[in-house]
Amino acid sequence: MKALLFTTLVIISFMCGLAVCGEPSPANFVAVYYFHGNFRCVSCKTIERYTKEAVEKYFRGEMDAGKVTFKAINVETKGNEHFTEDYQLYTRSVVLSLVKDGKEVKSDNLTRVWEHLRDKDAFFQYVKSEVEKYLKEL
């Protein structure tokens, strides 16, 4: 009976390792966040859209490998208020976060997205170059 139980546990453990129970998230990655509130003006929506498009265009392979993530977060949703203080947010923002060994070790607010709002190519290049800098630190 004990042998059967042990064998069953080994098989289940092996299956979890094959992603039947889900893949563990990488311990080292670059998170790209877009922080917004309940009210979303045209410019705010454009910044989110451009950021997501740029990350998906230039870092699709890294996203598929779990090395780059993109997430839009409403800081006014209960439980998300801490992000305002954590990242010193004073407006809608794009923030990069470098995570190593499962812990954030560095972050930057990409404040120049507002400067490039009317120039999609410059916006994309700005986001691309900043994410590339972070990836070099993984």
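Cut-off values and rules
- In this numbering scheme, every chain counts its residues from 1 along its sequence in written order.
- Predicted model: local features are reported for residues with pLDDT of at least 70 only, side-chain atom pairs are reported and counted for 80 or more only, and whole-chain, interface and lining totals are derived from all residues.
- Hydrogen atoms and water are omitted, and side-chain values are computed over all heavy atoms in the structure.
- Here a salt bridge means any side-chain nitrogen of Lys or Arg lying within 4 Å of a carboxyl oxygen belonging to Asp or Glu.
- What counts as a helix is a DSSP run of H or I of at least four residues, what counts as a strand is a run of E of at least two, and both are numbered from the N terminus.
- Remark: exposure states derive from per-residue accessible area (1.4 Å probe, protein chains only) relative to the maximum for the residue type, with buried under 20%, exposed over 50%, and partly exposed in between.
- Throughout this description, a polar contact denotes any pair of N or O atoms lying within 3.5 Å of each other; where both atoms belong to protein, one of them has to be capable of donating a hydrogen while the other can accept it, and for residues adjacent in sequence the pair is counted only when both atoms sit in side chains.
- In this description, a line fitted to the C-alpha atoms serves as the axis of each element, helices being fitted only across the stretch in contact, and the angle between N-to-C directions of two axes falls anywhere from 0 to 180 degrees.
- Note on terminology: angles under 35 degrees are roughly parallel, angles over 145 are roughly antiparallel, angles of 65 to 115 are roughly perpendicular, and the others are oblique.
- If you view the pair so one helix is near and one far, a crossing is left-handed when the near helix is turned anticlockwise from the far one by less than a right angle, and right-handed when it is turned clockwise.
- By definition, residues are in contact when any of their heavy atoms lie within 4.5 Å.
- Polar here means any residue other than Ala, Val, Leu, Ile, Met, Phe, Trp, Tyr, Cys and Pro, which are nonpolar, and Asp, Glu, Lys and Arg, which are charged; Gly is therefore polar.
- To qualify as a nonpolar core, a set must consist of buried Ala, Val, Leu, Ile, Met, Phe, Trp, Tyr and Cys residues joined through side-chain atoms within 4.5 Å.

Participant: Sorry, what's going on with the pattern of salt bridges here?
Facilitator: If the charged atoms of two oppositely charged side chains come close together, the side chains can form a pair. Applying the stated criterion to the full structure yields 11 salt bridges. Where Lys 128 meets Glu 132, a salt bridge forms, and the shortest distance between an N and an O atom there is 3.4 Å. Here Lys 128 pairs with Glu 132, and both are found in helix α5 (residues 120-135), just four residues apart, close to one helical turn. With a shortest N-O distance of 3.0 Å, Lys 133 and Glu 130 are connected by a salt bridge. With Lys 133 and Glu 130 both in helix α5 and three residues apart, the pair spans about one turn of that helix. Given the relative accessible area of 48%, Lys 133 is considered partly exposed.

Participant: Help me understand the environment of Trp 114 in this model?
Facilitator: As for its position among the elements, Trp 114 is in the loop between β4 (103-109) and α5. A relative accessible area of 33% places Trp 114 in the partly exposed class. A sequence separation of 71 residues divides Trp 114 from Ser 43, and the C-alpha atoms of the two residues are 8.6 Å apart. Reaching out from Trp 114, the side chain makes a polar contact with the backbone oxygen of Arg 92 at a distance of 3.2 Å.

Participant: Help me understand the packing of helix α2 (residues 42-58) against α5, please; the structure alone is not making it clear to me.
Facilitator: When two helices pack together, their arrangement is given by the angle between the helix axes and by the axis-to-axis distance. Running from N to C, α2 and α5 point in directions that differ by 60°, and their axes come no closer than 9 Å. Judged by the angle between their axes, α2 and α5 are oblique. Once α2 is placed against α5, the crossing between them reads as right-handed. In contact with Ile 47, Tyr 50, Thr 51, Glu 53, Ala 54, Val 55, Lys 57 and Tyr 58 of α2, α5 contributes Lys 120, Phe 123, Phe 124, Gln 125, Val 127 and Lys 128. Here the residues of the contact of α2 with α5 are counted per class, giving eight nonpolar, two polar and four charged.

Participant: Explanation requested: the nonpolar core in the structure shown.
Facilitator: Considering soluble globular proteins, one finds that nonpolar side chains tend to be buried as a cluster. The biggest cluster of nonpolar side chains holds 25 residues, and the ones touching the most others in it are Val 32, Val 68, Val 113 and Val 131. Counting only elements with at least two residues in this core, the list comes to β1 (29-36), α2, β2 (68-74), β3 (93-100) and α5. At seven residues, the largest contribution of residues to this core is made by α5. Each residue touching Val 113, except ones within four places of it in the same chain, is listed here: Ile 47, Val 94, Phe 123, Tyr 126 and Val 127. By size, the runner-up hydrophobic cluster in this structure holds 11 residues, among which are Ala 31, Ile 73, Tyr 87 and Val 99.

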